[in-house]
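# Breakdown of the fold
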Amino acid sequence: MLENYGFRTVVFAIFSFAMSIAYAVMQGYVAIKNLSVWYGALATYYVVLAFVKGGLLNSKRSAKKRAKKGQDYTKNMINVYGLTGIGLFVLTVALSSTIWNMVSRANTFSYPGFTIFASAAYAFYKISMAIYNFVKVRRFDDLTVRAIRNVNLSDALVSILALQTALLDQFGNGNQNNWIFNLITGIAVSAIIIAVAIIMFIQSRKMLKKLKREEVNARERV
């Protein structure tokens, strides 16, 4: 855990996946109980997030099994990396529903009492670590680690959006223009996640083409 960065990343990803499942179940329960479109949108977001994280972890395990049967592990993981990019795009679609509810229905995230300050501290820690790890993993060849960190960055950006809505709701003195700030931040967050998704997909296509060229050159040398 302390010495292997890649192993540590995967372990924390498993924990994060479990938390996403828990959030999805909780928000889904509240949505059904209160017939709430807002909580239904939140539940949908966390379900998609859980699918992206869980699919990534399961694909890595499956790729290792297929590698033992002679399949190309690197090629499989490149495909998984590209599919994770597509998953982030789908996540943005789910997020847009949440943003629409914030803007059109004036719904916000809320934290009771002084817990908002603890939530703020955690959100800033989360985004700081996500940005740090996003930059750090560029030196790693392990595509699983890189994909996990990209997903974590996307999740951390949404946490900042959630915090902003809560802060404006609690300390905005009822300003009717708060929805504008939430819309701007929501669009910015969505744009960044889409950009990451597109970059991941393009990188995966380039890596596959490079791998194919190397295979062709290897056959020609033989």
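Keep in mind that what you see is a predicted model, and the values were worked out from it rather than measured. (Residues numbered from 1 in each chain as written. Predicted model: local features only at pLDDT ≥ 70, side-chain atom pairs only at ≥ 80, totals over all residues. Heavy atoms only, no water.)

### Considerations on the overall build of the protein
Keep this limit in mind: Secondary structure elements follow DSSP: runs of H or I no shorter than four residues count as helices, runs of E no shorter than two count as strands, and numbering proceeds from the N terminus. When accessible area is computed with a 1.4 Å probe and restricted to protein chains, residues below 20% of their type maximum are described as buried, those above 50% as exposed, and intermediate ones as partly exposed. We call two residues in contact when some of their heavy atoms are within 4.5 Å. Under the convention used here, Asp and Glu are negative, Lys and Arg are positive, and both His and the chain ends fall outside the count. Note on charges: their place is set at NZ of Lys, CZ of Arg, CG of Asp or CD of Glu.
Counting its secondary structure elements, the protein contains six helices and zero strands. For the protein, the N- to C-terminal ordering of α and β elements is α-α-α-α-α-α. For the protein, with 222 residues in total, the buried portion stands at 43%. Within the protein, residue pairs in contact and separated by at least 24 positions form 77% of the contacts whose partners lie at least 6 positions apart. Each charge sign in the protein was given a centre, from 26 positive and 9 negative side chains, and these centres are 4 Å apart.

### Quick word on a positive patch on the surface
Definition in use: Residues forming no salt bridge and having over 30% relative accessible area are the ones grouped into patches, like charges within 9 Å of each other and nonpolar side chains (Val, Leu, Ile, Met, Phe, Trp, Tyr) within 5 Å. The accessible surface values rely on the Shrake-Rupley method and a 1.4 Å probe; as for residues, cover is taken only from the protein chains in view. For this document, the term salt bridge refers to a Lys or Arg side-chain nitrogen within 4 Å of an Asp or Glu carboxyl oxygen.
Side chains of Arg61, Lys64, Lys65, Lys68 and Lys69 sit close together on the surface and give a patch of like positive charge. In this fold, Lys64 is placed in helix H2 (residues 37-68).

### Observations regarding helix H4 (residues 115-136)
This is how it is decided: Expected span of a helix, by definition, is 1.5 Å for each gap between consecutive residues, and there is one gap fewer than residues.
For H4, which comprises 22 residues, the first-to-last C-alpha distance of 31 Å matches the rise-based estimate of 32 Å (1.5 Å per residue) to within 8%. For H4, the set of buried residues is Ile116, Ser119, Ala120, Ala123, Lys126, Ile127, Ala130, Asn133 and Lys136.

### Regarding the packing of helix H3 (residues 73-104) against helix H6 (residues 178-221)
Short version of the rule: Note on definitions: angles span 0 to 180 degrees between N-to-C directions of axes, and those axes are lines fitted to C-alpha atoms, for helices only across the stretch in contact. In this scheme, roughly parallel covers angles under 35 degrees and roughly antiparallel covers those over 145, while 65 to 115 is roughly perpendicular and the rest are oblique. For a crossing to be left-handed, the near helix must be turned anticlockwise from the far one by less than a right angle; the clockwise case is right-handed.
Interaxial distance between H3 and H6 falls to 8 Å at its minimum, and their mutual angle equals 165°. Accordingly, the angle class assigned to the pair H3 and H6 is roughly antiparallel. As H3 packs across H6, the resulting crossing turns out to be left-handed.

### Digging into unusual backbone geometry
Even without a glycine there, the phi angle at Leu35 is positive, about 50°. Inspection of the secondary structure puts Leu35 in the loop between helix H1 (5-34) and H2.

### Remarks on a nonpolar patch on the surface
A cluster of nonpolar side chains, Leu83, Ile86, Phe89, Val90, Val93, Ile198, Phe201 and Ile202, forms an exposed patch at the surface whose accessible area comes to about 700 Å². Elements with a contribution of two residues or more to the nonpolar patch: H3 and H6. By residue number, the principal contributor to the nonpolar patch is H3, which donates five residues. For Ile202, the position within the fold is in helix H6.

### Section: the side chain of Thr185
Relative to the elements of secondary structure, Thr185 occurs in helix H6. On the basis of relative accessible area, Thr185 is assigned to the buried category, the value being 18%. Excluding anything up to four places from it in sequence, Thr185 contacts Leu161 and Gln164.

### Considering helix H5 (residues 143-171)
Applied cut-off: Pairing of N or O atoms within 3.5 Å defines a polar contact, subject to two protein rules: one partner must be a possible hydrogen donor and the other a possible acceptor, and residues neighboring in sequence count only if both atoms are side-chain atoms.
With 29 residues, H5 should reach 42 Å at 1.5 Å per residue; the first-to-last C-alpha distance of 42 Å fits that figure. For H5, the buried fraction is high: 21 of the 29 residues fall into the buried class. For H5, the N-terminal cap is Asp142; the gap from its side-chain oxygen to the backbone nitrogen of Thr144 is 2.9 Å. Just past H5, the residue Asn173 takes up positive phi, approximately 55°.

### Notes on the packing of aromatic side chains
Inclusion rule: Two aromatic rings, drawn from Phe, Tyr or Trp (for Trp, its six-membered ring), form a pair once their centres lie within 6.5 Å of each other, and the interplanar angle then sorts them: stacked below 30 degrees, edge-to-face above 60, tilted otherwise.
In total, this model carries three aromatic pairs according to the counting rule given. On the numbers, 5.1 Å between centres and 70° between planes, the contact of Tyr45 with Tyr46 is edge-to-face. A residue is classified by how much of its surface remains accessible, and Tyr45, at 2% relative accessible area, is buried. Look at Phe117 and Phe171: their rings are 6.1 Å apart centre to centre, the planes differ by 40°, and that puts the pair in the tilted class. Residue Phe117 is located in helix H4, and its partner Phe171 is located in helix H5; the two are separated by 54 residues in the primary sequence. A relative accessible area of 43% means that Phe171 is categorised as partly exposed. Pairwise contacts between aromatic rings join Tyr23, Tyr45 and Tyr46 into one cluster.

### A closer look at the nonpolar core
Just so we agree on the cut-off: Working definition of a nonpolar core: buried Ala, Val, Leu, Ile, Met, Phe, Trp, Tyr and Cys residues. They are joined through side-chain atoms within 4.5 Å.
Formed by 44 residues in total, the largest nonpolar core has its most connected members in Tyr45, Leu88, Leu95, Val189 and Ile193. Broken down by secondary-structure element, the contributors of at least two residues to this core are H1, H2, H3, H4, H5 and H6.

### Regarding the pattern of salt bridges
Under the counting rule described, the total for this entry stands at two salt bridges. The closest approach of N and O atoms between Lys126 and Asp155, which form a salt bridge, is 3.2 Å. Residue Lys126 is found in helix H4, and its partner Asp155 is found in helix H5; the two are separated by 29 residues along the sequence. Connected through shared salt-bridge partners, Lys53, Lys126 and Asp155 make up one network.

This is a description of form; function is not addressed.
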